[in-house]
Amino acid sequence: MTLKIRELEAKRQAGTDAPLPECLPLSDIVRLEELFQPRREAEHHVTDLREAIKRGATLDPLTVLRVGSTVYLVDGHHRWTAYDEEHVTAPVPVVAFKGTVLEAVRESRRTNAKAKLVMQPAERADAAWRLTMCEGLSLAEIAEDCGVGTATVGRMRRTMRALGDAAFDIETWKQAQRASKGVSDPLGDDEMEEKMRLLAESYTKRIGRTFGRRLTDNIEVTAMALDGYFGRTLPDLVEQLWGYLPEAVQERIRTPPDF
């Protein structure tokens, strides 16, 4: 990833500074998902966008970055897919990203980690893992861009150092964790995530059958119970839960009111 960013940045700096038009044909906009798409597309969202296109609605402009003679899609992958599946041939609205390739990569993480379409925790972790292998970013910057905890990024850096050059061939954080322990992963990312999702759903149902609304009706008691149950591993639970919180709530927790 670092090598690709360097390659594109050299081309960007050697290219033209002429402004892009306000609209471009979809065929002129190149998708480079290894850099600019940190999560899988949600089919239901693409469907909603396609319906909006059919109604004649104007979608938000795609964010693009010109690198030499090539224009890359930075943000708006769902919109790009909706246009493509609706066979839109007319030029579509775009806005040019003003910055370096690395800044564009960071922007794609930030916009996807925010609330318009919430990334799943595994997707945020994978995005952070890939950014960890980029030079020039601090631990805090990676954590903020991807919506993960700084402790998680710290573990990623330690894992990257332990794996050495092999780390750069590993796409996901889950695979990196297993590789650092010498465990081969018999499941692909999709299979592993689906297995975890189904297991989590079964836990949710069992908790609901056992406790009903008692856990949500008395949060303070629930917190005390979780502290007693998880013990020394409670910080690991809190770190995982952090990724599910909206950004506004995270900010409120970082800066609690002064009573």
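Residues numbered from 1 in each chain as written. Predicted model: local features only at pLDDT ≥ 70, side-chain atom pairs only at ≥ 80, totals over all residues. Heavy atoms only, no water.

Colleague: Before we move on, could you go through helix α1 (residues 2-14) and cite the residues and values that matter?
Modeller: Along its 13 residues, α1 runs 18 Å from first to last C-alpha, staying within 8% of the 18 Å computed at 1.5 Å per residue. Listed in full, the buried residues belonging to α1 are Thr2, Ile5, Leu8 and Glu9. When α1 is viewed along its axis, its buried side chains cluster within an angular range of 130° and face the same direction. Seen from the open side of α1, the exposed residues pointing more than 90 degrees away from its buried face are Leu3 and Ala14. (Helix = DSSP H or I, 4+ residues; strand = E, 2+ residues; numbered from the N terminus. Expected span 1.5 Å × (residues − 1). Buried < 20%, exposed > 50% of the residue type's maximum accessible area, 1.4 Å probe, protein only. Arc of directions from axis to C-beta.)

Colleague: Which residues make up the packing of aromatic side chains, and what are the values?
Modeller: Applying the stated criterion across every chain, the model contains two aromatic pairs. On the basis of an interplanar angle of 35° and a centroid distance of 5.7 Å, the ring pair of Trp129 and Trp173 is categorised as tilted. Taken together, the residues span a long stretch of sequence, with Trp129 in helix α6 (residues 121-132) and Trp173 in helix α9 (residues 173-180) at a distance of 44 residues. Trp173 matches Trp129 in its accessibility class, with the two residues each being buried. Judged by centre distance (5.2 Å) and plane angle (80°), the ring pair of Tyr229 and Phe230 falls under edge-to-face. (Phe/Tyr/Trp six-rings, centres within 6.5 Å; stacked < 30°, edge-to-face > 60°.)

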